Protein chains: 2
Amino acid sequence: MSASDSTSSLPVTLDSINPKVLKCEYAVRGEIVNIAQRLQEDLKTNKDAYPFDEIIYCNIGNPQSLGQQPITFFREVLALCSHTALLDESATHGLFSSDSIARAWKILDQIPGKATGAYSHSQGIKGLRDAIAAGIEARDGFPADPNDIFMTDGASPGVHMMMQLLISSEKDGILCPIPQYPLYSASIALHGGSLVPYYLDEASGWGLEISELKKQLEDARSKGITVRALAVINPGNPTGQVLAEENQRDIVNFCKQEGLVILADEVYQENVYVPDKKFHSFKKVARSMGLGEKDIALVSFQSVSKGYYGECGKRGGYMEVTGFTSDVREQIYKVASVNLCSNISGQILASLIMSPPKPGDDSYESYIAEKDGILSSLAKRAKTLEEALKKLEGVTCNRAEGAMYLYPCINLPPKAIAAAEAAKTAADAFYCKRLLNATGIVLVPGSGFGQVPGTWHFRCTILPQEDKIPAIVNRLTEFHKSFMDEFRN
Amino acid sequence: MSASDSTSSLPVTLDSINPKVLKCEYAVRGEIVNIAQRLQEDLKTNKDAYPFDEIIYCNIGNPQSLGQQPITFFREVLALCSHTALLDESATHGLFSSDSIARAWKILDQIPGKATGAYSHSQGIKGLRDAIAAGIEARDGFPADPNDIFMTDGASPGVHMMMQLLISSEKDGILCPIPQYPLYSASIALHGGSLVPYYLDEASGWGLEISELKKQLEDARSKGITVRALAVINPGNPTGQVLAEENQRDIVNFCKQEGLVILADEVYQENVYVPDKKFHSFKKVARSMGLGEKDIALVSFQSVSKGYYGECGKRGGYMEVTGFTSDVREQIYKVASVNLCSNISGQILASLIMSPPKPGDDSYESYIAEKDGILSSLAKRAKTLEEALKKLEGVTCNRAEGAMYLYPCINLPPKAIAAAEAAKTAADAFYCKRLLNATGIVLVPGSGFGQVPGTWHFRCTILPQEDKIPAIVNRLTEFHKSFMDEFRN
C-alpha cells in the first residue's frame, strides 16, 4: 500500500529526496522485469490470455531460480552449522557425508563459543578468512594474507564500500568498461562520482585496449576529473570475454603508472567455457610481474553467487584488499564495522567455495560430478544459444568465453527505431518488451549496460536448464522473424 | 598485511579519501574493542601476564557470543531450508520437530522453485513478507501490507537506505537522540547530513520531551538546516527506557505538524523487563490516533539480532515503510534492487520471529520455555547489574526497562579528568581503558553515544550469562574502588 502521488501532506517528495538516488539506474531489475512480474502474477489466473505459459527470466545471473541444484556438500555443511545440535545425534551420520560433518566441526571450532548466531569480527571470522587466503594462495601460487580479506554480503556491498571510500564528489572519476554491469554505474551515481567510460571493442571479441584507457583518462583529466580507479570485470559481464594474461599485464602497468586502484570484479573466475582461455587473477598477474603490496593498489571481489555453485540467495562474498596504507585500511575497517559483519552462513559458504572437498574426502567424487556437470552443461548451453542467436537476421554475437551471458548486437531496422522513438523508449528496450509480451522471455536491453551510440544489444543469460533451451531458441527465432518482418523497410 | 604509511607510491592516502568516511565514528567497535582483541590474542600465550583469564565483551548486544543458546525451532527450520534433501529422508522425522518440518515445507512452497539459493524479489520473498505482515497485524491490531515490507541484512542497511534517500547535503538534518546508538551518527556522517541532537532527560529516566524536540528543531532551522526526519529508538539504546504511549502520541503529533519522517528503531520490541511498561509500535500509536497512510510517514526497523532470539550472525531484518508516495517508494525499491536482495536465511528467520510456534504446535511448549527462560534471565541480570552499579561511589544508574543495556552516569574525580586530558582521551574512555586492562571487561564509553557535556557514562550490556554476573560485579566493584582511590582529591 502506498499513498497516491497527489497526496501532498506527506513530507517526502521526488523533489526533496537525494538527487543521487534519482540519478541511479539499475536495468537488471528495471522496467522490463517489473512488467514480467506483473505478467507472471496475471498468468496464474489468466493463462489463456497469453501465447506462453511461463515467464523465463534470462535477465539475471540467478542459476538456482532456473532449476540449477545446489552443491550437496556445501548445503550439508550449512545445515549442520545452522542447527549444531545435529552434530550430537548418531542418526546424523546416516544423513550426512562424513567430510561435511568433519568440516562443520572444524568451522565451529573456529568460531568463538561455536556461536554461528553471533556477530563476527567486522572482516569476518578469522578461521574462515584463513581458509579463503589458503584458497587464493593455491589458486595463484602467491601468498595471501587473511587480514586482507573483508567478507561481504555478496560482491555488491564490497563495491559500494570501495566507491564510498574513493569518491568525494563529481570531481572523482572511476574508469568503467562500457558495456558494464550496472552495479558500477549505480554505485558511482549513488556516491556522486563521475563514471569515466572506456569502450570494449566488440569487433575483437570485446577487447580491452590500453590506447582507449589512455584516451578516456586524458579526456577526463582535461575536464578536471581526478580518476581514482579502474573497474575491470573478468570474465566480462555482460560481455563474457576472458582477458588474456598479457592484456592484464598491460592493464596493471597502466594503473601503476597512472596511480589508479584496480577494482577487479572476479566473481566469474570459475566460469570459463573455452579451452583456449584461462582465468588469471589480477593479483597473480601483478605479483608475477614483481609488483608487491607497496607497488600497486588492488581490490579483488569474489562472490558465492556465481561460479558453478550459483548460491545467490546466500549473499556471501569477500574482497581481498592489497596495496593500501595501514591508515587507509583502518578507515575501511571502520566502515565495515558500522555494519557489524556480513551474514555468517554467507561467510561459511565463501570459505567452502575456496576450499571445496579434496581427493580422498567422502564427498569428493560426487562433488566433482556435480561441479563438472554444471560447468559442462553451461558451456553447452552457451554454445547452443550463441549459434542460435547468430542465425537471426541482423544479429552478430561474440562467443561467451566465460561468465553467464551472451551480449549479441542487433541491427534494428530504421522503422523499428522510429517506432521506439515514438513510444519514447530506447530501441533495444522496445525490442525486449515486444519479445517479453510475445514469448515470456525476459532479457535486458543493451541500453542498461551501455553500448556504442547507434548500436543495439541485449543481454541473455545462458542459465535456463538444457531441456528448456530448444523451446527458448524456437520462440526467440520465431519472434525475431516476425519482428523483422513487421519493421523491415 | 598492509603497506607502511610512509610508502608514498600508493595511490590512496588519508588526504585523498572521502572526508565523510574520515568523519564517521563507531565506538561500539572502536579503539577499546581493538585493544580488547589484541589482549585476547595475547592471553592465549601469555596467560600469566594478566590479572584476568578472559575478555568479557559487554560492549555490544551480541547474546550468542556470550553463551546464549539459539531457539531450537528457528534453527531446525533454517537447517531444513539449507539442505532441503533432508525433507525427503525418513530419518529426519526422528531428528526434527514435526512443526519445523511442516514450516520448512510451507516456506519452500512460497519460494519459486523452492530455490533457497536464488536471489529473491528485491524486497524479499513475498510469502515471508506475508507472514511478517500478519505478525505485525497480530502485534498491533491494525492492518499491515506485505508490500510495505523491505527485508534487509539486519536493521543497519535499512537505516543507511533511508539516510541515503533523505540526505542530499549538510543542509539536511536528522533529529537524533543523545545518547544514541552510533549507527545513526555514523550513517548521517557517511551520507553527509547534519545530526540535529535532542537530549534525553536522564533525571526523568531518559525522558523524551517535546519541548526539547521543538527547541532543537528551531535551532537547526535558524541555521538553515531542513530537518527531514526524527530518529527514535524504543526501547532505547544505549539508555534502555521504554516510551509511554502518551509520549509516543505527542511525538507522532510533533512529526506530523513539522513534516518529519519518523524513523522508529524498534529492534528491542521483545526486550521489555518491567511490568509497568509495555512496547507499542509507532505505527500502532499513529493508527490508533486515526492517522493513516496519507497522514504520517513512518519507517519501523526490526531485526533478528535482538529480542529473545539474539540471532546477530544471521543478519536478518526488515523495515516497514508507510506514508510515502508511490513514486518515492519506487526509488526505495530501485535502491534495494541495486543490492539484489537480503540473504535468504535472514529472510526466513525474520519471518519466523514474527510467526513463532503457536499453542498446539509440536514445538510450542519447548519454544515458550526457551523464550521465557531467556527473557526472565535477562530481566534478572539487568536488575542485578543495576543494583551493583548503583552501589559504586559517584555512580547513578537508571533501570533498564528494556533493550540490553545499562547506561550509568559516573561522576569522575577532577584528577581523573585531568589525567585523561593529559593522555589526550575522553575521561570516560580513560576509565574504560583502565577497566579493560585491570579486569578484561569491555565497555563502551559514553562519549561514543553522546552525553550532556561535562557528564560521563558508559554502556554495559546485560548479556553475560547469569553464572558470570557475580564475578563481573566483583571485578567491576574492586576496580572502581581502586580507580576512585587513585584519583580522589
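Residues numbered from 1 in each chain as written. Chains lettered and ligands numbered in written order. Predicted model: local features only at pLDDT ≥ 70, side-chain atom pairs only at ≥ 80, totals over all residues. Heavy atoms only, no water.

1. Some thoughts on the pattern of salt bridges
Inference 1: This structure, assessed with the given rule, holds 50 salt bridges over all chains.
Inference 2: Across the pair glutamate 386 of chain A and lysine 383 of chain A runs a salt bridge, and its minimum N-O distance is 3.4 Å. Here the residue glutamate 386 of chain A and the residue lysine 383 of chain A both occupy positions in helix α14 (residues 364–390), the gap between them amounting to 3 residues, near one helical turn.
Inference 3: For glutamate 386 of chain A, a relative accessible area of 4% translates into the label buried.
Inference 4: Its relative accessible area of 42% is what places lysine 383 of chain A among the partly exposed residues.
Inference 5: Note that glutamate 401 of chain B is salt-bridged to lysine 277 of chain B, the shortest N-O span being 3.0 Å. Here glutamate 401 of chain B, found in the loop between β9 (395–396) and β10 (405–406), pairs with lysine 277 of chain B, found in the loop between β6 (261–265) and α11 (282–288); they are 124 residues apart in sequence, far enough to count as distant.
Inference 6: Among the charged side chains, a network of salt bridges with common partners joins Asp276, Lys277, Arg399 and Glu401 of chain A. (Salt bridge = Lys/Arg side-chain N within 4 Å of Asp/Glu carboxyl O. Helix = DSSP H or I, 4+ residues; strand = E, 2+ residues; numbered from the N terminus. Buried < 20%, exposed > 50% of the residue type's maximum accessible area, 1.4 Å probe, protein only.)

2. Here we look at the environment of glutamine 69 of chain B
All names here are of chain B.
Inference 1: Counting through the fold element by element, glutamine 69 comes out in the loop between β1 (56–57) and α3 (72–82).
Inference 2: For glutamine 69, a relative accessible area of 56% translates into the label exposed.
Inference 3: Sequence spacing of glutamine 69 and threonine 461 is 392 residues, and the spatial spacing of their C-alpha atoms is 17 Å.
Inference 4: From its side chain, glutamine 69 meets the backbone oxygen of glycine 67 in a polar contact 3.2 Å long. (Polar contact = N/O pair within 3.5 Å; in protein donor to acceptor, adjacent residues only side chain to side chain.)

3. A short note on empty space enclosed by the protein
Inference 1: Throughout the structure, instances matching the rule amount to 12 cavities of 30 Å³ or more.
Inference 2: Taken as a whole, the largest cavity spans an internal volume of roughly 830 Å³.
Inference 3: Those elements that place two or more of their residues in the lining of the largest cavity are β2 (149–152), α7 (155–166) and α12 (326–338) of chain A together with β2 (149–152), α7 (155–166) and α12 (326–338) of chain B.
Inference 4: Of the residues contributing to the lining of the largest cavity, the split by class is 20 nonpolar, 14 polar and 4 charged. (1 Å grid on protein atoms, 1.4 Å probe; cavity = no way out; pocket = protein on both sides within 12 Å on 5 of 7 lines; lining within 4 Å. Points joined across faces, edges and corners; volume = space filled by probe spheres on them. Nonpolar A, V, L, I, M, F, W, Y, C, P; charged D, E, K, R; others polar.)

4. Overview of the sheet that holds strand β3 (residues 172–178) of chain A
All names here are of chain A.
Inference 1: Judged by pairing direction, the sheet is mixed, and its 7 strands sit side by side in the order β2-β8-β7-β6-β5-β3-β4 without closing on themselves. Looking at strand neighbours, the two that pair on one side only are β2 and β4 (194–199), the edges of this open sheet. Each neighbouring strand pair of the sheet contributes to a mean axis angle of 20 degrees, computed without reference to strand direction.
Inference 2: Where β3 and β4 come together, 6 bridges link them in parallel fashion. What sits directly across from proline 177, in β4, is tyrosine 198.
Inference 3: Running over the sheet, helix α6 (residues 126–140) touches β2 and β8 (317–322) and is turned about 115 degrees from β2. (Pairing = 2+ DSSP bridges. Axes fitted to C-alpha atoms, helices over the stretch in contact; angles between N-to-C directions. Contact = heavy atoms within 4.5 Å.)

5. Details of the nonpolar core
Inference 1: Core analysis: the biggest nonpolar cluster contains 340 residues, and Phe74, Leu263 and Phe324 of chain A together with Phe74, Leu263 and Phe324 of chain B have the highest contact counts within it.
Inference 2: In contact with leucine 263 of chain B, not counting residues within four places along its chain, are Met162, Met163, Leu166, Ile174, Ala229, Leu230, Ala231, Val232, Val299 and Phe301 of chain B. (Core = buried A, V, L, I, M, F, W, Y, C linked by side-chain atoms within 4.5 Å.)

6. Focus: the relation of the copies chain B and chain A
Inference 1: The transform that puts chain B on chain A rotates by 180 degrees and translates by 0.0 Å along the axis, for an RMSD of 0.0 Å. Read as a symmetry element, the transformation amounts to a two-fold axis. Minimal C-alpha separation from the rotation axis in chain B is found for alanine 79 of chain B, amounting to 2.1 Å.
Inference 2: Taken together, the interface assignments show that 100% of the residues at the interface of chain B recur at the interface of chain A, consistent with an identical surface on both copies. (Least-squares fit on C-alpha atoms with pLDDT ≥ 70 in both.)

7. Some details on the domain arrangement of chain A
Residues and elements named next belong to chain A.
Inference 1: What the domain assignment reports for chain A is domain 1 (19–66 + 369–487) and domain 2 (119–353).
Inference 2: Here the C-alpha centroids of domain 1 and domain 2 sit 27 Å apart.
Inference 3: When domain 1 packs against domain 2, close to 3,000 Å² is buried across both sides, 57% of that on carbon and sulfur atoms.
Inference 4: One can count 2 salt bridges joining domain 1 with domain 2.
Inference 5: Mapped onto the side of domain 1 that touches domain 2, the elements with two or more residues apiece are α1 (19–23), α14 and β10 (405–406).
Inference 6: With 5 residues, α14 is the largest single contributor of residues to the side of domain 1 that touches domain 2.
Inference 7: Residue classes in the side of domain 1 that touches domain 2 are distributed as 21 nonpolar, 9 polar and 7 charged. (Domains from an automatic or database assignment. Buried area = accessible area lost by both parts, 1.4 Å probe.)

8. Some thoughts on the interface of chain B and chain A
Inference 1: Contacts between the two partners involve 104 residues from chain B, matched on the other side by 104 residues from chain A.
Inference 2: Counting each side, the surface lost to burial between chain B and chain A is near 8,600 Å², with a carbon and sulfur contribution of 56%.
Inference 3: At the surface where chain B touches chain A, the tally comes to 0 salt bridges.
Inference 4: Between chain B and chain A we count 36 residue pairs in polar contact (both at pLDDT 80 or more) in total.
Inference 5: When residues of the side of chain B that touches chain A are traced back to their parent elements, those giving at least two are α1 (19–23), α2 (31–45), α3, α4 (92–95), α7, α8 (183–190), α12 and α13 (344–353) of chain B.

9. Looking at the UniProt feature "domain: Aminotransferase class I/classII large" (unreviewed entry) in chain A
Inference 1: In the numbering used here, UniProt assigns the feature "domain: Aminotransferase class I/classII large" (unreviewed entry) to residues 114–469 of chain A.
Inference 2: Within residues 114–469 of chain A, the helical portion is 40% and the strand portion 16%, while the C-alpha atoms at the span's ends are 45 Å from each other. (UniProt positions renumbered as here; feature names shortened; annotations may be inferred.)

10. What about the packing of α3 of chain B against α13 of chain B?
All names here are of chain B.
Inference 1: Two elements in contact, α3 and α13, have axes whose closest approach is 10 Å; the angle formed by their N-to-C orientations is 145 degrees. Crossing geometry of α3 relative to α13 is assigned as right-handed. On the side of α3, the interface is formed by Phe73, Phe74, Val77, Leu78 and Cys81, while α13 contributes Ser345, Ile348, Leu349, Leu352 and Ile353. (Left-handed = near helix turned anticlockwise from the far one by under 90°.)

11. Observations regarding the side chain of glutamine 123 of chain B
Residue and element names in this part refer to chain B.
Inference 1: Mapped onto the secondary structure, glutamine 123 falls in the loop between α5 (98–110) and α6 (126–140).
Inference 2: Residue classification places glutamine 123 among the buried residues on the basis of a relative accessible area of 8%.
Inference 3: A distance of 2.9 Å separates a polar atom in the side chain of glutamine 123 from the backbone oxygen of isoleucine 149.
Inference 4: Look past the residues within four positions of glutamine 123 in its chain and what remains in contact with it is Arg129, Pro146, Asn147, Ile149, Phe150, Met151 and Tyr333.

12. Examining the state of the cysteines
Inference 1: Evaluation of the coordinates by the stated rule reveals 0 disulfides over all chains.
Inference 2: Of all cysteine sulfurs, the one in cysteine 341 of chain B lies closest to cysteine 312 of chain A, which takes part in no disulfide; the gap is 8.1 Å.
Inference 3: By relative accessible area, which is 0% here, cysteine 312 of chain A ends up buried.
Inference 4: Of all cysteine sulfurs, the one in cysteine 460 of chain A lies closest to cysteine 432 of chain A, which takes part in no disulfide; the gap is 9.5 Å. (Disulfide = S-S within 2.5 Å.)

13. Structural notes on the pairing of β3 of chain A
Residue and element names in this part refer to chain A.
Inference 1: Judged by how many residues are buried, β3 sits mostly within the fold: 7 of 7 residues are covered.
Inference 2: Where burial is concerned, the two faces of β3 agree: the one with Asp172, Ile174, Cys176 and Ile178 and the one with Gly173, Leu175 and Pro177 are both buried.
Inference 3: Handedness of the β3-helix α8 (residues 183–190)-β4 crossover: right-handed. (Right-handed = clockwise from strand over helix to strand, strands pointing away.)

14. Examining the packing of aromatic side chains
Inference 1: The final tally for this structure, using the stated rule, is 34 aromatic pairs over all chains.
Inference 2: Where tyrosine 26 of chain B meets tyrosine 181 of chain B, the ring centres are 6.1 Å apart and the plane angle is 75 degrees; that geometry is what we call edge-to-face. Remark: tyrosine 181 of chain B occurs in the loop between β3 (172–178) and α8 and tyrosine 26 of chain B occurs in the loop between α1 and α2; sequence separation between them is 155 residues.
Inference 3: Overall, the relative accessible area of 11% leaves tyrosine 181 of chain B in the buried class.
Inference 4: Taken together, the aromatic side chains of Phe430, Tyr431, Phe458, Phe479, Phe483 and Phe487 of chain A make up a single cluster linked through ring pairs.
Inference 5: Directly above the ring of tyrosine 405 of chain A sits arginine 459 of chain A, whose terminal nitrogen or CZ lies 3.9 Å from the centroid. (Phe/Tyr/Trp six-rings, centres within 6.5 Å; stacked < 30°, edge-to-face > 60°. Lys NZ or Arg CZ within 6 Å of the ring centre and 35° of its normal.)

15. Here we look at α12 of chain A
Side chains that are three or four residues apart share a direction in an α-helix, a result of its 3.6 residues per turn.
Residues and elements named next belong to chain A.
Inference 1: Spanning 13 residues, α12 covers 19 Å between terminal C-alpha atoms, matching the ideal 18 Å at 1.5 Å per step.
Inference 2: Those residues of α12 that fall on the buried side of the exposure criterion are Val328, Arg329, Gln331, Ile332, Tyr333, Lys334, Val335, Ala336, Ser337 and Val338.
Inference 3: Positive backbone phi, at 70 degrees, marks leucine 340, one or two positions downstream of α12. (Expected span 1.5 Å × (residues − 1).)

16. What about the side chain of glutamate 311 of chain B?
Inference 1: With respect to the secondary-structure elements, glutamate 311 of chain B resides in the loop between β7 (298–303) and β8 (317–322).
Inference 2: A polar contact of 2.7 Å, which involves the side chain of glutamate 311 of chain B, links it to the side chain of arginine 75 of chain B.
Inference 3: Sequence-distant contacts of glutamate 311 of chain B, defined by excluding residues within four places in its chain, comprise Gly117 of chain A together with Gln64, Pro70, Arg75, Val304, Ser305 and Leu349 of chain B.

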